[in-house]
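Architecture at a glance
Okay, here's what each chain looks like letter by letter:
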Amino acid sequence: MPVPHTPPPIADEVTLARYPFLPQASEWIRGMALRHSINLDELLDGSWMDKARQRARLRLIDTVQSKEGVQVSGGDIHTEEGRIVEAFSFYYARLVVCASEDERLVARWAQAEAARAEQLLMLDAVNLPLVANTYVTELRLKESVAVPTMAASPSTPLRQRRQGTSDLWQIGLSDFIEICPKITGQRWRLPNADVEGGWVTLHNERQYASSAKLARLLRERIKAAVEADALEKMAEINTDLAVRLAEPVGMVRNLMASKASEAISLVGADETDWPPCMQKIVAELATGVNVNHFGRLFLASMASTLALPEESCVNFFRGAPDFSEGTTTYQVQHVYQHGYTPSGCGKLKINHNCPVLPGDNRTCDQSWMDHPLKYIRATQRWKRLTRPKAEPAPEANNSEKVNNTSDIVGDANK
Ligand code: SF4
């Protein structure tokens, strides 16, 4: 990832508290811990860190439940106490996420923190270049048309700074090429970009300013950095720490589980027949993981093949970090209208959408298993054979659904 080796120095404490994930913030937080005698015991159990732990809890709840990511406003970071709460709540939340040993949660948390940063940076004209130069190698301001501004310093509250900048940013082509595949939308495709001399101009649009586009690009880099950092720190969690963090870890795990089952239950009882690849994608989308394009297309084509209602299929995508009702509905309609055939196991494995390893799942281990639809047929047949004789026949609607599914699955076996 071409990020600058040496990030620009940031001394302003308000800025560091606002963006505690910045690499420049580590030294500052360490200094603050020394100054206020905040050690690990204090952070985990001390009364002095109560507020930080409460704010961390909110950060984690937002991580799972809010589409917008972690709430922008915490305490008043213009006071020393507010800065301590903000900085250490970030640290505590990261500890909890690392102790969960759940990479999906780590990804979800990184996404939520990055989404918060994007919202802040869209309005933070003073710090946008500093943060951008931390994560992007080539960046320049092509032009900046004067707009009425208030005198602003890095510590001026965001709301008092200028709103609606007419800055015009350009980003290096290599950064653009690396970041954009992770963002959906036509404006982020290279053929639609204004490229000249190795620079991509992020044009101001009526409702999408150049600065907001830069903040969107930064979100991807921030997410990658926060996630990589947390995954590295996961190795440092020992048993003692894991036990002491068991309560908040349990709280987040339960939230994640209920979110996933909420999404799965949207389409009725037959989800127990779904193959692990489909269940995984549904659960990941529900918890805000940015599932790749291949996985999304697979899910939509499975939903279409299984004759699930289009609306249920759209609902699968609601938790996606880039969910847009209009775009998703349009894309789902397209898949349903064109009757795409779901991809087979080989392609799903190559595209990192098959979660099972040999020994994980007996059905997937079978030598004939080469398509997720075969998985469904095998599961349904096994259920029919093992259903107690006395059990009443399924109701009309359900039996129709099962028969339809079997027909379709039968086609896949031909
Ligand atoms: S082996 Fe095939 S059916 Fe099973 S999880 Fe992987 S892709 Fe899905």
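Above this text you will find the structure in question.
Notes on the structure follow. Counting from 1, residues in each chain are numbered in the order their sequence is written. Predicted model: local features are reported for residues with pLDDT of at least 70 only, side-chain atom pairs are reported and counted for 80 or more only, and whole-chain, interface and lining totals are derived from all residues. Calculated side-chain values reflect all of the structure's heavy atoms, with hydrogen atoms and water omitted.

Considerations on the site of the ligand
To keep it simple, the criterion reads: A molecule or strand has a residue near it when one of that residue's heavy atoms lies within 4 Å. A helix here means a DSSP run of H or I that spans at least four residues, while a strand means a run of E at least two residues long, and both kinds are numbered starting from the N terminus. For this scheme, ten residues count as nonpolar: Ala, Val, Leu, Ile, Met, Phe, Trp, Tyr, Cys and Pro. Four count as charged, namely Asp, Glu, Lys and Arg, and the remainder, Gly too, count as polar.
The local shell around the ligand consists of Pro275, Pro276, Cys277, Cys345, Leu348, Lys349, Cys354, Pro355, Val356, Cys364 and Pro372. Sort the elements by how many residues they give to the shell around the ligand and helix 16 (residues 345-350) lands first, with three residues. Split into classes, the residues belonging to the shell around the ligand amount to 10 nonpolar, no polar and one charged.

Topic: the sheet that holds strand 2 (residues 167-172)
Spelled out, the test is: Between any two strands, pairing holds if DSSP finds at least two bridges. Axis lines are fitted to C-alpha atoms, over the contacting stretch for helices. Their N-to-C directions set the angle, which ranges from 0 to 180 degrees.
Spatial strand order, 1-2-4-3: four strands in an open sheet with antiparallel pairing. Either end of the sheet is taken by a strand with one partner, and the two such strands are strand 1 (139-144) and strand 3 (194-196). Each strand of the sheet is rotated relative to its neighbour by a mean of 30 degrees, with strand direction disregarded. The pairing of strand 1 with strand 2 spans five bridges and is classified as antiparallel. Counted as the bridge partner of Glu143 is Leu168 from strand 2.

With respect to unusual backbone geometry
What you tend to see is this: most non-glycine residues have negative phi, and most peptide bonds are trans. Definition in use: Working definition: with a 1.4 Å probe on protein chains only, accessible area under 20% of the residue-type maximum means buried, over 50% means exposed, and in between means partly exposed.
Unusually for a residue other than glycine, Ser37 sits at a positive phi of about 50 degrees. As for its position among the elements, Ser37 is in the loop between helix 2 (25-35) and helix 3 (40-45). Positive phi, close to 65 degrees, is recorded for His352, a residue that is not glycine. Along the chain, His352 falls in the loop between helix 16 and helix 17 (362-365). Accessibility expressed as a relative area gives 65% for His352, which makes it exposed.

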